[in-house]
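Commentary on secondary and tertiary structure
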Amino acid sequence: MNFDIESIKQFQTQKEYIDTLIVPIFNIQLNEQSTNDYEILQNVIINVEQQLKGRLFVLPSIGYFDGVLSIFDKIKIDDFNHIIFIYVKHSEIDMNHLLQLSNHQALINKANVALLDSFPVEHMDREMYEGLIKEQVKSSVKQFISIWNN
C-alpha cells in the first residue's frame, strides 16, 4: 500500500494483514549522485510494493539534511511488526546514528535495513536501466522475506 487516500482507507480495515512499514530515506544533496540514488530508490520501491501488495505500507520517501527522523513521533509504531528502512548503499546514511537521534526506543527495536546498489543512471540505455531495477527489486524482496522469517 502506498501513501494515498485509497490505501489509507484499506489500511484502516486491513491492519491485521499489513505488518511491514517501508521507509525509503535519502540524503538530500543538490548533486547528481543524490539525484541518481533517489531515482533508483523510487523505482525499486514502486516495483517492490507491486510484488508484495497487501503486506506492506510504504511511506513517501523521507529526505533529510541533518539526520532528523521526527516523523516517527507521529506514527503508531505498534501497528507494525517490522519497520524497514530502505536506501541506496552509496548514500552514506548512518542508520544507527539516525535511529539514536530519533530517541524512539520502539523504533530502534523494530528497525531493519534493506540496501540497494548504486549505479550510474544518467548515460544508461533504458533496457539496461530497467534490467538493473528488476535485479534490485528481486534483491529487495529477498531481503524483506529474510527479515520476516527472522
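Predicted model, so just to flag it, every value in this text is computed and none were measured.

1. Notes on the overall build of the chain
Counting its secondary structure elements, the chain contains 5 helices and 5 strands. Shown N-terminal to C-terminal, the secondary structure of the chain runs as helices and strands in the order α-β-α-β-β-β-α-α-β-α. Sorting the 150 residues of the chain into buried and exposed places 42% on the buried side. Intrachain contacts of the chain at a sequence separation of at least 6 include 80% that bridge at least 24 residues. Summed over all atoms, the accessible surface of the chain reaches about 8,800 Å², with 50% contributed by carbon and sulfur.

2. Re the environment of Lys110
Residue placement: Lys110 occurs in helix α4 (residues 105-110). What makes Lys110 partly exposed here is its relative accessible area of 21%. When the C-alpha positions of Lys110 and Phe80 are compared, they lie 8.7 Å apart, and in sequence the two are 30 residues distant. Those residues in contact with Lys110 that lie beyond four places of it in its chain are Ile77, Asp78, Phe80, Asn81, His82 and Ile83. In this structure the side chain of Lys110 is engaged in a polar contact, spanning 2.5 Å, whose partner is the backbone oxygen of Phe80.

3. Re the pairing of strand β4 (residues 82-88)
Judged by how many residues are buried, β4 sits mostly within the fold: 7 of 7 residues are covered. Covered by surrounding structure in β4 are His82, Ile84, Ile86 and Val88 together with Ile83, Phe85 and Tyr87, the residues of both alternating faces. Bridge count between β4 and strand β5 (residues 111-116): 6 bridges; the pairing is parallel. The residue bridging Ile84 from the neighbouring strand is Asn112, located in β5.

4. Section: the packing of aromatic side chains
Under the definition given, this model contains 4 aromatic pairs. Residues Phe11 and Phe57 carry aromatic rings whose centres are separated by 5.3 Å and whose planes lie at 50° to one another, so their mutual orientation is tilted. Placement of Phe11 in helix α1 (residues 5-14) and of Phe57 in strand β2 (residues 56-58) is noted, with a sequence separation of 46 residues between them. In terms of burial, Phe11 and Phe57 fall into one category: buried. Note on Phe26 and Tyr38: the rings are 4.6 Å apart at their centroids and 55° apart in plane angle, and the pair reads as tilted. Within this pair, whereas Phe26 is found in strand β1 (residues 20-27), its partner Tyr38 is found in helix α2 (residues 32-51), the two being separated by 12 residues in sequence. The exposure class of Tyr38 is partly exposed, given its relative accessible area of 33%. What links up through ring pairs into an aromatic cluster is the set Phe11, Phe57 and Phe80. Over the aromatic face of Trp148 sits the side chain of Arg55, whose NZ or CZ is 3.6 Å from the ring centroid.

5. Things to note about the nonpolar core
Ile22, Ile40, Val48, Ile86 and Phe144 are the most contacted members of the largest nonpolar core, which has 24 residues in total. When residues of this core are assigned to their parent elements, the largest contribution, 7 residues, is made by helix α5 (residues 126-149). Contact partners of Ile86, with chain neighbours within four places excluded, come to Ile22, Val23, Pro24, Ile25, Leu41, Ile45, Ala114, Leu116, Ser140 and Phe144. Formed by 19 residues, the second largest nonpolar core is a distinct cluster that contains Met1, Val23, Ile77 and Ile83.

6. A short note on α2
Helix length check: α2, at 20 residues, gives a terminal C-alpha distance of 29 Å against a target of 28 Å (1.5 Å per residue), a fit within 8%. Every buried residue belonging to α2 is among Ser34, Asn36, Asp37, Ile40, Leu41, Val44, Ile45, Val48 and Glu49, and all of these are buried. Tucked inside the fold, the buried residues of α2 contact β1, β2, β4, β5 and α5. Sitting at the head of α2, Asn31 places a side-chain oxygen 3.2 Å from the backbone nitrogen of Gln33.

What counts and what doesn't
- Residues numbered from 1 in each chain as written.
- Predicted model: local features only at pLDDT ≥ 70, side-chain atom pairs only at ≥ 80, totals over all residues.
- Heavy atoms only, no water.
- Helix = DSSP H or I, 4+ residues; strand = E, 2+ residues; numbered from the N terminus.
- Buried < 20%, exposed > 50% of the residue type's maximum accessible area, 1.4 Å probe, protein only.
- Contact = heavy atoms within 4.5 Å.
- Areas by Shrake-Rupley, 256 points an atom, 1.4 Å probe, with all protein chains shown as cover.
- Polar contact = N/O pair within 3.5 Å; in protein donor to acceptor, adjacent residues only side chain to side chain.
- Pairing = 2+ DSSP bridges.
- Phe/Tyr/Trp six-rings, centres within 6.5 Å; stacked < 30°, edge-to-face > 60°.
- Lys NZ or Arg CZ within 6 Å of the ring centre and 35° of its normal.
- Core = buried A, V, L, I, M, F, W, Y, C linked by side-chain atoms within 4.5 Å.
- Expected span 1.5 Å × (residues − 1).

In short, the description is geometric, and any link to function would need to be established separately.
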